Amino acid sequence: MTSTDIRVLVVEDDPVAADAHALYVGRVPGFTVSGTVHSGAGARRHLETHAVDLLLLDLYLPDGHGLALVRTLRAAGHTADIIAVTSARDLTMVREGVSLGVVQYVLKPFTFATLRDRLTRYARFRATTGEASGQDEVDRALAALRAPQPAALPKGLTAATLRAVTDVLRAAGGGLTATEAAADVGISRITARRYLEHLVVSGRAARAPQYGQVGRPELRYRWSGH
């Protein structure tokens, strides 16, 4: 940790997810984990004794909604910025969060690359100081917080089919082979494998050989996105 590191408090009720999020934050240069807590009360106690620049905040906590916690913190004079981590897609909630100082939203499940991008953009925004020379400079400062357009899929892959393959893979607790995924989605085995391999490359799935059958072992894919 250096004196210029951005200090992050991870607020997440699921201990496994909290540890994963803290690990992710610790891997991004310029950021350090101030602590990990699992409730709104834990966050308030931590902030009483530690200086924190940014909260990585789950919105569904065991002792109340995350935005209610933000309102309490603002009333108490805490000015730390907020990156909300949530599975909620309610845009009304998003608007309310913006009014309370939520600078970014990260939808669960997410990969390290997604969080790294949001944190890097936040750091770039935070580093903007001084007086803007005009509208363009203000726009550039705000643009630092905006997420980029989704990366283009490899040639021949479509977003709709990728969603379908992703859904069946996430629902399969024991994982799927390309043959099984093809049958579930209604596509060829070769096509299914292309989509599954894309999920592996993007860090959202893992693969391992499935033994115990006659002939060459078939690969089994399991969802590993966060």
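Here the structure is shown first, and the text comes after it.
Please read these numbers as outputs of a predicted model, since none were measured by experiment.

Novice: Hey, could you run me through the environment of D167 in this one?
Specialist: Mapped onto the elements of the fold, D167 is located in helix 7 (residues 159-171). On the basis of relative accessibility, which here comes to 51%, the residue D167 falls in the exposed class. Between the alpha carbons of D167 and W223 there is a distance of 9.6 Å; along the sequence they are 56 residues apart.

Novice: What's the story with the side chain of H21 in this structure? I'm lost.
Specialist: Position of H21 relative to the elements: it lies in helix 1 (residues 15-26). Discounting residues that sit within four places of it in the chain, H21 has contacts with V10, E12, L56, V85, K108, F110 and L115.

Novice: Would you mind going over the packing of aromatic side chains with me for this structure?
Specialist: Both the distance between ring centres and the angle between the ring planes are used here to describe each pair of aromatic rings. Following the criterion strictly, the structure yields 2 aromatic pairs and no others. Aromatic side chains Y24 and F112 sit 5.5 Å apart centroid to centroid with 55° between the ring planes, which places their arrangement in the tilted category. With Y24 in helix 1 and F112 in helix 5 (residues 112-126), this residue pair connects regions lying 88 residues apart in the sequence. We classify F112 as buried; its relative accessible area is 13%. Aromatic ring contacts, followed pair by pair, group Y24, F110 and F112 into a single cluster. The ring of F112 carries R27 above its face, with NZ or CZ at 3.8 Å from the centroid.

Novice: What is the right way to read the pattern of salt bridges from this model?
Specialist: It is possible for side chains of opposite charge to pair when their charged atoms get near one another. For the structure on display, the rule yields 8 salt bridges. We note a salt bridge from K108 to D58, for which the minimum N-O separation is 3.3 Å. Taken together, the residues K108 in the loop between strand 7 (102-107) and helix 5 and D58 in strand 3 (residues 54-58) connect sequence positions 50 residues apart. In this structure, R220 and E180 form a salt bridge, with 3.3 Å as the shortest nitrogen-oxygen distance. Taken together, the residues span a long stretch of sequence, with R220 in strand 10 (residues 218-223) and E180 in helix 8 (residues 178-185) at a distance of 40 residues. Judged by relative accessible area, which is 15%, R220 ranks as buried.

Cut-off values and rules
- Residues numbered from 1 in each chain as written.
- Predicted model: local features only at pLDDT ≥ 70, side-chain atom pairs only at ≥ 80, totals over all residues.
- Heavy atoms only, no water.
- Helix = DSSP H or I, 4+ residues; strand = E, 2+ residues; numbered from the N terminus.
- Buried < 20%, exposed > 50% of the residue type's maximum accessible area, 1.4 Å probe, protein only.
- Contact = heavy atoms within 4.5 Å.
- Phe/Tyr/Trp six-rings, centres within 6.5 Å; stacked < 30°, edge-to-face > 60°.
- Lys NZ or Arg CZ within 6 Å of the ring centre and 35° of its normal.
- Salt bridge = Lys/Arg side-chain N within 4 Å of Asp/Glu carboxyl O.

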